[in-house]
Amino acid sequence: MNDNTKILSEFSARLTYEDLTPRTIENTRLFFIDYIAAACAGYKVNTVFNRAVEELVFRSGGTLKESSVLFCEEKTTCEKAAFLNACYAHGADMDDGNRKAMGHVGVHVFSAVLALAEKLKASERDVIVAINVGYEVYCRIAAAVQPNLVHRGFHSTGTAGTVACAAAAAKLLHMDADGIYNAMAISVTLSSGLVIVGDSGQSIKPLNPAKAAENGIIAAMLTQKGVKGPVYPLDSQHGWFHAMSDSVDESMITDGLGEKFCIDECYAKPYPACRHTHCGIQAALELREENAITPDMVESVKIHIYSNAIRLAGQIKKPKSIDDSKFSIHYATACILAAGKFALEDLDYTKAPQAVWDIIDRTELIADETMENRDKGIRGCMVEICLADKKKVSKTVLIPKGDPQNPFTISDVCEKLAQCASGLISDDRRDKLIAFLKGFGRENVSFEGICEK
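These notes cover the structure that comes with them. For every chain, the first residue of the written sequence is number 1, and numbering continues from 1 onward in sequence order. Residue-level local features of this predicted model are given only where pLDDT is at least 70; pairs of side-chain atoms are given and counted only at 80 or more, and the full residue set underlies all totals for whole chains, interfaces and linings. Processing note: side-chain calculations cover all non-hydrogen atoms of the structure and skip hydrogens and water entirely.

Some words on the nonpolar core
Considering soluble globular proteins, one finds that nonpolar side chains tend to be buried as a cluster. Residues enter a nonpolar core if they are buried and are Ala, Val, Leu, Ile, Met, Phe, Trp, Tyr or Cys, with the set joined through side-chain atoms within 4.5 Å. Partly exposed residues are those whose accessible area sits between 20% and 50% of the maximum for their type, while under 20% is buried and over 50% is exposed, using a 1.4 Å probe and protein chains only. In this structure, I141, W240, F342 and I385 are the most contacted members of the largest nonpolar core, which totals 155 residues. Helix numbering and strand numbering both begin at the N terminus, where a helix is a DSSP run of H or I of at least 4 residues and a strand a DSSP run of E of at least 2. Looking at which element gives the most residues to this core, the answer is helix α6 (residues 124-145), with 15 residues. In this view, W240 contacts I141, V145, L149, T159, A160, V163, V188, S191, P233 and L234; residues no more than four positions away in its chain are not counted. Any two residues whose heavy atoms approach within 4.5 Å at even a single point are treated as in contact.

Here's what the structure looks like:
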């Protein structure tokens, strides 16, 4: 029996700042900015859920004031701070992700590492290394069990995220390979999260990465106190792999390990919606601009897209809540064709013009498996519009904006932060924050209170 936990824990223990490429370090800074932008958006959008979890966290946080909570003056324990910050960062579905892993990464890894780092007063370079440990473990173990994991109903953001956060936290605690192994071993039994939250009850979806961040820290802290987890936690007959999937591709664990870094293969999101909506949004926007399309010109819309997208974001035609709006290919595409944009304010479906609803009535999703190829990094779609004069125009987008092949620049992600932080953080504070994040890791300075209102 292979022991993939040993492979990953030994790699994690060996990894140093000097092993990371300049591109990887720069991408870590980029995704740090993206994480803060996503947290700003989630704090503004998912308000009912946010206020509820804040009340519970601060009521049960105890007397320890170890780590900062974004946008709040009050501190709490590092594990509860990680939990709450992850809730914010996933609240608008604008956080980063990885195609092969089919889930989100930074929301739990950054939340866990930053909260624990503040408690430990860790160096910025140690933070960057721990973040990359988290990205490596998450992307590799999640990719190994996809797509069967999501077909079985699990959410890799919560399930694989817990194991990743345990490894990242253990690395930040300067544990050796055995310690990181044990933290991962403890974390597998804390691993949870279902994709049903994409069908309904979307406001609670942030619980998946929030529990991953919190439980990852707990697993590492239990290891510190001498608690032992099971052996072969990923590979045994009753291990994590076999609980999550009937088919495990172990090559995903070792392929390029230590030579290429998973954070370089992650994507950023320009729109506040499930990633499965983005190729349709981009294709519709390009068609609208290239053909000067106005709403009254749209006779019908056909969106040829892969089945996983239809399963996860194609079930809601007309949203009845802001949460629904984030998981509707129909709605997002119609907003673009009606008004030429899909931004945070467009999640409020009650303010959508009538043209949006008319276009939704004329929109059809068509399953097309040629639009997805995991090996080539393709998760795309073709949008075909029949115009009132019977002319047909179409656009295929196989790789949407933000993917490594069509990447965000630092300028792009700073603009995203400016938009998401508008009305929440002052312009002066935002500019200082961006300057700090652009230089993160070059100097060892405190990052306490990095995102105050």
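Picking up after the structure, the text goes on.
Considerations on the pattern of salt bridges
The salt bridge definition used is simple: a Lys or Arg side-chain nitrogen within 4 Å of an Asp or Glu carboxyl oxygen. Under the defined criterion, the tally for this structure stands at 26 salt bridges. Note that D403 is salt-bridged to R275, the shortest N-O span being 2.4 Å. Residue D403 is found in the loop between β10 (392-397) and α18 (410-421), and its partner R275 is found in the loop between α12 (251-254) and α13 (278-291); the two are separated by 128 residues along the sequence. The exposure classification of D403 matches that of R275, with both residues buried. The closest approach of N and O atoms between E345 and K341, which form a salt bridge, is 3.3 Å. Overlapping salt bridges bring together K80, K211 and E214 as one network.

Focus: the packing of helix α2 (residues 22-45) against helix α3 (residues 47-60)
For any two helices packed against each other, the geometry is given by the interaxial angle and the distance between the axes. With axes taken as lines fitted to C-alpha atoms, and helix axes fitted only over the stretch in contact, angles between N-to-C directions fall between 0 and 180 degrees. At their nearest, the axes of α2 and α3 sit 6 Å apart, and the two run at 95 degrees to each other. Regarding the angle of α2 to α3, the classification is roughly perpendicular. Seen from α2, the contacting residues are G42, Y43, K44 and V45; seen from α3, they are T47, N50, R51 and E54. Taken together, the residues that form the contact of α2 with α3 break down as two nonpolar, three polar and three charged. Note that the term roughly parallel is reserved for angles under 35 degrees, roughly antiparallel for angles over 145, roughly perpendicular for angles of 65 to 115, and oblique for everything else. Each residue is assigned to one of three groups, with Ala, Val, Leu, Ile, Met, Phe, Trp, Tyr, Cys and Pro labelled nonpolar, Asp, Glu, Lys and Arg labelled charged, and all others, Gly among them, labelled polar.

Overview of helix α19 (residues 427-438)
Between the first and last residue of a helix there are one fewer steps than residues, each counted as 1.5 Å, and that sum is the expected span. Counted at 1.5 Å a residue, the expected span for α19 with its twelve residues is 16 Å, and the 16 Å between its end C-alpha atoms agrees. On its buried face, α19 sits against α2 and α18.

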